[in-house]
Every structure is written in structure tokens, then in C-alpha cells.
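In case you want the letters, here they are:
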Amino acid sequence: EEDVVPNRRALITGATGLLGRAVYKEFKDNSWHVVGCGYSRARPRFERVDLLDAAAVEALVQDFKPHVIVHCAAERRPDIVENQPESASLLNVGASENLAKEAAKVGAFLIYISSDYVFDGRNPPYREDAVPNPLNHYGKTKLEGEKVVLQNNEDAAVLRVPVLYGDVEKLEESAVTILFDKVQFSNKSANMDHLQQRFPTYVKDVATVCLQLTEKKLQNPSLKGIFHWSGNEQMTKYEIACAMADAFNLPSSHLRPITDEPVGETPRPRNPQLNCSKLEQLGIGQRTPFRVGIRESLWPFLVDKQWRQTVFH
């Protein structure tokens with residue numbers, strides 16, 4: 001039986017999510033034997049595993065003995081984390097700690113996906129050794145997760161990424177793509193934040209970075225610690241919306257830039273730009289231009305079907 005087990009095995013948590021799906025596909029397309037696990041959306045394609053069930057996680061890891069675990073599963077919606085801090089901490093911190101221990105037992109390389117929200121956004125760009133200062137509970141849980149992962153598995157990697165977009169199942173799945181309806185329905189004006197700086201990053205690029213990091217790790221076991229990856233186009237939500245309109249030749253005059261401080265919502269960093277030179281120096285990285293990535297991601301959601309046919313057929 002040992003002979004038929006491929007020599008490169010990858011376990012992806014949160015494989016049903018936006019990033020997890022891309023990571024799963026990237027490893028699979030590059031001849032890895034991949035198991036993806038999820039929870040609410042798992043079956044039939046993925047293993048249904050509750051990451052809060054330590055025995056179930058141990059059984060999965062011991063049984064599959066992955067060479068790499070890419071830990072994408074998280075509660076990533078800041079407003080939900082703010083309202084449900086206990087359950088968010090269980091997933092973002094507790095499950096990550098447990099996974100780090102299980103990965104160490106089987107010698108698997110763990111990549112923990114973290115966030116630019118560990119920074120307060122007042123002094124960008126941020127290198128890996130910059131002092132974190134999260135402004136909201138989501139950022140705090142991701143930072144806690146980083147700490148417990150590195151404490152329990154000294155060979156692990158932390159990969160901090162900013163706001164992500166990609167092939168969404170529904171527009172709400174990404175804080176970037178959710179803006180598309182406001183762009184398309186140009187009959188009513190839409191206020192758009194034009195203060196906070198964002199670096200929208202394509203999940204396919206992050207998936208490529210995860211694969212490249214893993215393949216480097218196999219050649220060089222000393223590779224570990226904290227890394228940053230990010231798109232390099234700086235945009236506010238208003239500019240993101242205008243770029244979407246531009247990508248699909250839609251009007252943008254109904255979009256209104258708002259530069260006031262947002263009131264009453266979960267605080268978010270003004271500009272948490274990540275410095276990515278550490279990975280770049282290793283020859284790791286890929287960046288899809290935003291207009292290209294957003295067109296690939298959003299054309300199925302176009303209301304104007306006629307336009308869709310002229311562009312893609």
C-alpha cells in the first residue's frame with residue numbers, strides 16, 4: 001500500500017472557501033495528491049471535518065500524513081468576529097494551535113494564512129519584523145493564531161495577505177467583489193470609501209505563492225517564519241469600484257468618493273501595506289494585474305448578458 005501513496009501530499013483546510021479552493025486547485029494542477037477539508041460546504045468534493053474536534057483533526061493528519069498543510073480556514077469577516085469573539089477565537093486561534101501540534105507530529109510543513117490586519121495601518125509599508133498592533137478583534141485573533149502556530153511548530157510558516165478576491169461563488173464571498181452590484185446598478189448613486197488604502201490580491205496568486213513556498217521548503221528545510229504577499233496596486237474601495245467599471249466598460253459617474261472617517265463600524269487600518277521583498281528575494285511570487293483578475297472573477301455576475309457574449313465568445 002505504501003508504494004501507491006504519492007510522494008507529495010497536501011492537506012488544505014478551508015478548501016471550500018475562496019482562498020482554499022484556489023490553493024487546492026493549484027496543488028492538484030501541479031501533480032500533488034491533495035485532500036481538502038471543509039465544514040458547512042464540504043460534501044461531496046471535500047472531507048467534512050470540524051477543526052474544533054481535536055480527535056477528528058488528529059485522525060485526519062495521522063491517516064493522510066501530509067507533507068504540507070495549508071491552513072486557510074478562518075473566520076475572516078471582521079464584523080462577525082467583533083460580534084462573536086469567542087467562536088472566532090476558537091477557530092482562528094484554538095484550531096490553529098491544534099493543527100500546528102498535529103503537523104509537527106508528522107513532520108508536515110504548515111503554512112498558516114494570516115492577515116495585514118495584524119497592523120494598525122499608521123506606518124506602512126510593513127516588513128515581517130514590524131511590530132503588530134491590531135485595531136480590531138479579527139486582527140487580534142489572527143495575530144494570536146500566528147503566535148500559537150510558531151510556538152507549537154517551529155518549522156511552520158506564517159503567510160500574511162491582504163484583502164482577497166477571485167472566482168467567488170457569490171459576490172459577498174469577498175470584500176472586493178461585493179462592491180460589484182453597486183457598480184452595475186448605475187441608476188442610483190453609491191457612496192464609496194475613499195480613505196482606507198487597500199491592496200486587492202488575487203487568490204490564484206496567493207495559491208501560487210503557497211505552492212512555491214512549499215517546493216522551496218522541500219529543498220531547504222530551514223525555510224520558516226513569517227512572510228508577506230500582496231498585490232501591488234494601491235486602491236481605495238472607490239478606486240476598486242471605478243477599476244471594475246472600467247474593466248467592463250460600465251459607467252462610474254454614480255459612484256461617489258467619501259473621505260470621511262467611517263463611523264460606528266469595526267475599526268480597520270488606514271493603510272496596512274505589506275512589504276513583500278523577503279519572498280521576492282527568494283524568487284517567490286506572482287501578481288496578476290487587478291483589471292485582468294477582476295474580469296476573470298466577475299464576468300459570470302454581469303447583469304448585461306449581451307456584453308458577456310461579445311467579450312468572451
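Residues numbered from 1 in each chain as written. Predicted model: local features only at pLDDT ≥ 70, side-chain atom pairs only at ≥ 80, totals over all residues. Heavy atoms only, no water.

If you look the protein chain up in an unreviewed UniProt entry, it shows as Methionine adenosyltransferase 2 subunit beta from Pelobates cultripes. The record in UniProt for the protein chain states the following under Function (unreviewed entry): "Regulatory subunit of S-adenosylmethionine synthetase 2, an enzyme that catalyzes the formation of S-adenosylmethionine from methionine and ATP. Regulates MAT2A catalytic activity by changing its kinetic properties, increasing its affinity for L-methionine. Can bind NADP (in vitro)." Of the protein chain, the UniProt comment under Pathway (unreviewed entry) reads exactly: "Amino-acid biosynthesis; S-adenosyl-L-methionine biosynthesis; S-adenosyl-L-methionine from L-methionine: step 1/1." (UniProt positions renumbered as here; feature names shortened; annotations may be inferred.)

**Q** Please clarify how the pattern of salt bridges should be interpreted in this entry.
**A** Between side chains of opposite charge, a pair can form as their charged atoms come close. Across all of its chains, the model carries 17 salt bridges by this definition. Notably, a salt bridge pairs E215 with R8, separated by 3.0 Å at the nearest N-O pair. Linking E215 in helix α7 (residues 203-219) with R8 in the segment before β1 (9-13), this pair joins segments that are 207 residues apart in sequence. Looking at E215, the relative accessible area reads 26%, which means it is partly exposed. In this structure, the salt-bridge partner of D120 is R122, at a minimum N-O distance of 3.1 Å. We classify D120 as buried; its relative accessible area is 14%. Within the structure, one salt-bridge network assembled from shared partners comprises R21, E169 and E173. (Salt bridge = Lys/Arg side-chain N within 4 Å of Asp/Glu carboxyl O. Helix = DSSP H or I, 4+ residues; strand = E, 2+ residues; numbered from the N terminus. Buried < 20%, exposed > 50% of the residue type's maximum accessible area, 1.4 Å probe, protein only.)

**Q** Whenever I open this one, the sheet that holds strand β5 (residues 109-115) confuses me. Can you help?
**A** The strands making up a sheet associate through backbone hydrogen bonding, with each pair oriented either parallel or antiparallel. Strand order in the open sheet made by the 7 strands is β3-β2-β1-β4-β5-β6-β10, with parallel pairing throughout. Among the strands making up the open sheet, the edge pair consists of β3 (47-48) and β10 (225-228). Two strands pair when backbone bridges link them, and strand β6 (residues 157-161) and β10 are joined in this way by 4 bridges, in the parallel orientation. Following the sheet pairing, L159 is matched in β10 by F227. (Pairing = 2+ DSSP bridges.)

**Q** Would you explain the environment of R8 in this entry?
**A** Overall, the relative accessible area of 24% leaves R8 in the partly exposed class. Distance in space between the C-alpha atoms of R8 and F27 is 9.6 Å, their sequence separation being 19 residues. The contact partners of R8, leaving out residues within four places of it in the chain, are N30, W32, H33, H67 and E215. At a separation of 2.9 Å, a polar atom in the side chain of R8 contacts the main-chain carbonyl oxygen of N30. Within the structure, the side chain of R8 is placed 3.0 Å from the side chain of E215, a separation counted as a polar contact. (Contact = heavy atoms within 4.5 Å. Polar contact = N/O pair within 3.5 Å; in protein donor to acceptor, adjacent residues only side chain to side chain.)

**Q** Honestly, the pairing of β5 in this entry has me stumped. Any pointers?
**A** Every other side chain in a regular strand lies on the same face of the sheet, so the side chains alternate between the two faces. Among the 7 residues in β5, 7 count as buried, and that is most of the element. Going residue by residue along β5, you find F109, I111, I113 and S115 tucked away on one face and L110, Y112 and S114 tucked away on the opposite face as well. Across 4 bridges, strand β4 (residues 68-71) lies against β5 in parallel orientation. Each residue of the ladder has a partner; that of V70, found in β5, is I111. In the sheet, β5 pairs with β6 via 5 bridges, with the strands oriented parallel. Looking at the pairing, I111 lines up with A157 of β6. In this region the chain leaves β5, passes through helix α5 (residues 137-152) and returns to the parallel neighbour β6; the handedness of that crossover is right-handed. (Right-handed = clockwise from strand over helix to strand, strands pointing away.)

**Q** Is there a simple way to explain the packing of helix α8 (residues 237-247) against helix α10 (residues 290-298) in this structure?
**A** Helices that pack against each other are described as a pair by the angle of their axes relative to one another and the distance between those axes. Packing of α8 against α10 brings their axes to within 9 Å, and their N-to-C directions diverge by 70 degrees. Taken together, the axes of α8 and α10 are roughly perpendicular relative to one another. Together, I240, A243, M244, D246 and A247 of α8 and F290, R291, I294, R295 and L298 of α10 make up the contact between the two elements. Classifying every residue of the contact of α8 with α10 by side-chain character gives 7 nonpolar, no polar and 3 charged. (Axes fitted to C-alpha atoms, helices over the stretch in contact; angles between N-to-C directions. Parallel < 35°, antiparallel > 145°, perpendicular 65-115°, else oblique. Nonpolar A, V, L, I, M, F, W, Y, C, P; charged D, E, K, R; others polar.)

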